[in-house]
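# Descriptive structure summary
Chain residues, written in single-letter form:
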Amino acid sequence: MLRDVAFTIGPREVVALVGPSGCGKTTLLRIVAGLDTEFEGAVTRPAAGRLGMVFQEPRLLAWRTVEENVRLVAPDATPDALALLFDALELAEHRGHHPGELSLGLARRAALARAFAVDPALLLLDEPFVSLDLPLARRLRQQLIALIDTHSTATLIVTHDLEEAVSLADRVLLLSPRPARILADIAIGTPRKLRSEAEMQRTMAAIGKRLDAIGSNGRGPA
Amino acid sequence: MQRVASLLLFFATWWVASLFAGPQMLPGPERVLAVIVAQARTGELFAQLGVTLARVACAFTLAMVVGTAIGLAMGRVRLVDRLGDPWLIVLLNLPALVVIVLAFIWGGLTEVAGILAVAVNKLPNTIVTVREGSRALDRELDEMAQVFAIPRWKALRHVVLPQLAPYIAAAARSGLSLVWKIVLIVELLGRPNGVGFEIGTAFQLFDVTLILAYALSFVVVVLLIETLLVQPIERRVSRWRARAA
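Let me sum up the structure you'll find in this document.

Parameters at a glance
- Residues numbered from 1 in each chain as written.
- Chains lettered and ligands numbered in written order.
- Predicted model: local features only at pLDDT ≥ 70, side-chain atom pairs only at ≥ 80, totals over all residues.
- Heavy atoms only, no water.
- Contact = heavy atoms within 4.5 Å.
- Buried area = accessible area lost by both parts, 1.4 Å probe.
- Salt bridge = Lys/Arg side-chain N within 4 Å of Asp/Glu carboxyl O.
- Helix = DSSP H or I, 4+ residues; strand = E, 2+ residues; numbered from the N terminus.
- Buried < 20%, exposed > 50% of the residue type's maximum accessible area, 1.4 Å probe, protein only.
- Pairing = 2+ DSSP bridges.
- Phe/Tyr/Trp six-rings, centres within 6.5 Å; stacked < 30°, edge-to-face > 60°.
- Lys NZ or Arg CZ within 6 Å of the ring centre and 35° of its normal.
- 1 Å grid on protein atoms, 1.4 Å probe; cavity = no way out; pocket = protein on both sides within 12 Å on 5 of 7 lines; lining within 4 Å.
- Points joined across faces, edges and corners; volume = space filled by probe spheres on them.
- Nonpolar A, V, L, I, M, F, W, Y, C, P; charged D, E, K, R; others polar.
- Axes fitted to C-alpha atoms, helices over the stretch in contact; angles between N-to-C directions.

Often, the extent of an interface is quoted as the loss of accessible area on bringing the components together. At the interface, 26 residues of chain A touch 17 residues of chain B. The junction of chain A with chain B conceals about 2,000 Å² of combined surface from both sides, 63% of it contributed by carbon and sulfur atoms. In this structure, the connection of chain A to chain B is made through three salt bridges. In this structure, R59 of chain A engages E143 of chain B in a salt bridge whose closest nitrogen and oxygen atoms are separated by 2.8 Å. For the side of chain A that touches chain B, the secondary structure elements donating two or more residues are helix 1 (25-33), strand 2 (51-54), helix 2 (66-73) and helix 4 (104-117) of chain A.

Encoded structure:
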């Protein structure tokens, strides 16, 4: 499925994995997370610090409230830190709700809150905003950018959405179809906050061209 | 309302039947009630109910805790399931009477032997139910717990057990009625007190009124436990479902 894939993520760096549908992006993420162990090679995770992950599905405990879900993974988080996190994600009024009462967008935010609550050294995001409508996905992306910039975490995000990759990442890794290799490692110099619409469009066009060349528009379903 | 009407119908049927059968074979509800009151006055009723209830509680708890642990292990680990399955089939098909008699032969006519015998009778049923629940556990939540490095006992308490709660509740509900029926047999065969012992004595005297008095009293106790303990707990653990709907 994957072959000769090697890369490193620096501290505080955001790396986006982009590639054609079914090329093994999610598998790669699962290997990094330690969930898939049947592979050859080595993964070095940060020696200290914890792992935070946002799955495609929110994977919240339906029988616990939003706040309990977050506290379960981060028992040491201070009330102040949690309050900041819930405010940043506009979750403050939903702390006491159960996941079944939340919309998908809110459940995704709760999953994000949970991942950031552990103050992760490495944050893994698997298409965190898939199947949300565009305005909502954009809004959540802005909140995610703000959170990434205030936390010192290395981030690996899997996405099929080029706009998402280009607006979030410091580096975009382009994967080939199976068996996936890294086709290109594209660094984006401008800090996330300062990127202009025009610059993002240019980068997206450049990456899109390379994806078209390998026979996928990169925007299809994962 | 319908439940009350149904209950009234039951007592009416009983009363009519008692007219035909005669007080020797089937005393009417009013006679049985009189005996219950008399037994309650002397304190005898509560003493015997208490003893039996204590045995039920011990055997029930033992069977539920051990059965849940084994069921969980069998549902989650294929090797344990393969190794345990033949044992389970033997246990499921062992008649209650055989277990009780063997327990009393091997363990003597002791309290421990009696309670163990009852627990062993309930055990396989709990294992099967909880194993079913363990097979239906959400793997995605397991992965979540793994990635976030939630400690084992905490994951068990917050991730696994809430998913098993409906299965454990089902096992508990059928378990309570099963356990108290078997406790009576144990008391009849090898204990010097308890409702089962009293019924055994009444049987020798052919005292149907006393038999019914004790049986009815204990049914009431079990119904009280069911409404005051089991149902509130069930509602509590499934609260989130109701709100999510």
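From this point, things continue past the structure.
Residues and elements named next belong to chain A. The side-chain alternation of strand 2 yields two buried faces, one formed by L51 and M53 and the other by G52 and V54. In terms of strand pairing, strand 2 meets strand 3 (residues 122-126) through four bridges, oriented parallel. Bridge pairing in strand 3 places L51 opposite L122.

The next thing to look at is the packing of aromatic side chains. Going through the model one piece at a time under the given rule, you end up with four aromatic pairs over all chains. Ring geometry for F10 of chain B and F11 of chain B: centres 5.3 Å apart, planes at 70°, overall edge-to-face. Residue classification places F10 of chain B among the partly exposed residues on the basis of a relative accessible area of 47%. Judged by relative accessible area, F11 of chain B falls into the partly exposed class, the value being 31%. Each ring, one from F10 of chain B and one from W14 of chain B, has its centre 6.2 Å from the other, and the planes form 55°; the classification is tilted. Taken as a pair, F10 of chain B and W14 of chain B lie in helix 1 (residues 2-25) at a separation of four residues, close to a single helical turn. Stacked on the ring of F55 of chain A, the Lys or Arg R59 of chain A has its end atom at 4.0 Å from the ring centre.

The subject of this paragraph is the layout of surface pockets. Put simply, the largest pocket is a space of about 990 Å³. In terms of lining, the largest pocket is formed by 32 residues, of which the most central are A165, I233, E234, R236 and V237 of chain B. Among the elements of the structure, helix 2 of chain A together with helix 3 (44-76), helix 8 (152-190), helix 10 (208-237) and helix 11 (239-244) of chain B are those that each provide at least two residues to the lining of the largest pocket. Here the lining of the largest pocket is built from residues that sort into 20 nonpolar, five polar and seven charged. In this structure, the second largest pocket spans a volume of roughly 640 Å³. Contributing to the lining of the second largest pocket are 26 residues, with V5, F7, V32, A42 and V43 of chain A lying nearest its centre. For the lining of the second largest pocket, the element with the most residues is helix 1 of chain A, which contributes three residues. Among the residues making up the lining of the second largest pocket, the classes are represented as 17 nonpolar, four polar and five charged.

Residues and elements named next belong to chain A. With respect to topology, six strands assemble into an open sheet ordered 2-3-4-1-5-6, the strand pairing being mixed. Edge strands, defined here as strands with exactly one partner in the open sheet, are strand 2 and strand 6 (182-187). Averaged over all adjacent pairs, the angle separating strand axes in this sheet is 15°, with direction ignored. Bridge count between strand 1 (residues 14-18) and strand 5 (residues 171-175): four bridges; the pairing is parallel.

Residue and element names in this part refer to chain A. Where burial is concerned, most of strand 1 is hidden: five out of the five residues are buried. Every second residue of strand 1 is oriented toward a common face, with V14, A16 and V18 on one face and V15 and L17 on the other, all of them buried. Sheet analysis places strand 1 next to strand 4 (residues 154-158), joined by four bridges and oriented parallel. Looking at strand 4, one finds that V15 is bridged to L156.

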